[in-house]
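Descriptive structure summary
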Amino acid sequence: MRAYRSNNPLDPVIAVVFADAPRMSDWHALAEDGRASPRQAGVIDTLFEGKFSLDGRPPGRNFFGDYLTKQGIKQSWIADVDGVRVTVLATIYRAEDRRRVFDAIRRDLFGGVTMEKLSIAEAN
């Protein structure tokens, strides 16, 4: 795991975890994994849950969740890339940082993604 944060305590904190992914998880398991950190922080509202595809890669199971919690906004990204599960957890303390963090992870970390809302049946 690698965590990124600045010296300013109000700046976002981003943690990146890599793990072996011998097979694709089903949607329910991905959604539960993505909700775990926000639940620990006390979820107030689910702002968005969806799936995404990585630009230029074959379709896969990739989950994104955006949650308002008692500790700020939590974003969860889970992607299976060539047998490696990449999990990115972002904690955002200021509303104005939300879009900037989303765009940086989407564009700079994953190299571009296409988002799609997750259906209730897929997530539950």
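My aim in this report is to walk through the structure given alongside it, one point at a time. (Residues numbered from 1 in each chain as written. Predicted model: local features only at pLDDT ≥ 70, side-chain atom pairs only at ≥ 80, totals over all residues. Heavy atoms only, no water.)

1. A short note on the pairing of strand β4 (residues 62-69)
Taken across its eight residues, β4 has seven buried, putting it largely inside the fold. Relative to β4, strand β3 (residues 43-54) runs antiparallel, the two sharing seven bridges. Its bridge partner being in β4, Asp-45 is matched across the sheet by Leu-68. Examined bridge by bridge, β4 and strand β5 (residues 72-81) share eight bridges and lie antiparallel to one another. Paired with Leu-68 across the two strands is Ile-73, which belongs to β5. Hairpin connection between β4 and β5: a loop of two residues separates the two successive antiparallel strands. (Buried < 20%, exposed > 50% of the residue type's maximum accessible area, 1.4 Å probe, protein only. Helix = DSSP H or I, 4+ residues; strand = E, 2+ residues; numbered from the N terminus. Pairing = 2+ DSSP bridges.)

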